[in-house]
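Understanding the architecture of this molecule
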Amino acid sequence: SLGIVNGYSDGTFKGNREVSRVEALVMFLNTAKAKDGIIIQTDIVGDPYLDTQYSESTAWYYEYVRFAKKYELTDDKHMFRPQTAMTRGEMADMLYRFSKL
């Protein structure tokens, strides 16, 4: 009900699936929006990472990745690797970086 996690367009949730880096980022930032009222900016110009350009398939997460780039939520300045799995260490690092905002 808070919009933190959404299912897939076919109506399924797939709760046993691993999450990708971009799915983890979106859930994390949606939690921050619900809890702390952060705003995901939509006016940032330019593609955030070399592997994350705007398209119909990236539209659902594009602004979140731009937010991650702007606030340096990852240590890679060039690639986000949106479809790869996120390690526990990467998630802990992202949470730490966010806590410093």
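Preceding block: the structure.
Some remarks on the overall build of the chain
Regarding its fold elements, the chain presents 3 helices and 0 strands. Seen in sequence order, the chain has helices and strands lined up from the N terminus as α-α-α. In terms of overall size, the chain behaves like a compact globule, its C-alpha atoms giving a radius of gyration of 13 Å where 101 residues would be expected to give roughly 13 Å. Referenced to the eigenvectors of the C-alpha coordinate spread, the extents of the chain come out at roughly 35 × 30 × 25 Å. When each of the 101 residues of the chain is scored for burial, the buried share is 31%. Of all intrachain contacts in the chain linking residues separated by at least 6 positions in sequence, the fraction that spans at least 24 positions is 60%. Carbon and sulfur atoms make up 54% of the accessible area of the chain, which totals about 6,700 Å². Positive and negative charge centroids in the chain, built from 13 and 14 side chains respectively, lie 5 Å apart.

Overview of the packing of helix α1 (residues 21–36) against helix α2 (residues 62–70)
A pair of packed helices can be characterised by two numbers: the angle between their axes and the separation between those axes. Between α1 and α2, whose axes approach to 10 Å, the crossing angle comes to 80 degrees. As the angle between them shows, α1 and α2 are arranged roughly perpendicular. Of the residues in α2, those touching α1 at V22, L25, V26, L29, N30 and K33 are Y64, V65, F67 and A68. Class assignment for the residues of the contact of α1 with α2 results in 8 nonpolar, 1 polar and 1 charged.

Quick look at the environment of Y49
Within the secondary structure, Y49 is located in the loop between α1 and α2. Given a relative accessible area of 3%, Y49 falls into the buried group. For the pair formed by Y49 and V65, sequence separation is 16 residues and the distance between their alpha carbons is 8.3 Å. Filtering out sequence-adjacent residues up to four positions away, Y49 remains in contact with V65, A68, K69, T74, D76, K77, H78, M79 and F80.

Regarding the pattern of salt bridges
Evaluated as defined, the whole model comprises 7 salt bridges. In this structure, E90 engages R21 in a salt bridge whose closest nitrogen and oxygen atoms are separated by 3.2 Å. Taken together, the residues E90 in helix α3 (residues 88–99) and R21 in helix α1 connect sequence positions 69 residues apart. With a relative accessible area of 27%, E90 lands in the partly exposed category. Judged by its relative accessible area of 3%, R21 falls in the buried class.

So, how was this worked out
Residues numbered from 1 in each chain as written. Predicted model: local features only at pLDDT ≥ 70, side-chain atom pairs only at ≥ 80, totals over all residues. Heavy atoms only, no water. Helix = DSSP H or I, 4+ residues; strand = E, 2+ residues; numbered from the N terminus. Rg over C-alpha atoms; globule rule 2.2 N^0.38 Å. Buried < 20%, exposed > 50% of the residue type's maximum accessible area, 1.4 Å probe, protein only. Contact = heavy atoms within 4.5 Å. Areas by Shrake-Rupley, 256 points an atom, 1.4 Å probe, with all protein chains shown as cover. Lys, Arg positive; Asp, Glu negative; His and termini not counted. Charge placed at Lys NZ, Arg CZ, Asp CG, Glu CD. Axes fitted to C-alpha atoms, helices over the stretch in contact; angles between N-to-C directions. Parallel < 35°, antiparallel > 145°, perpendicular 65-115°, else oblique. Nonpolar A, V, L, I, M, F, W, Y, C, P; charged D, E, K, R; others polar. Salt bridge = Lys/Arg side-chain N within 4 Å of Asp/Glu carboxyl O.

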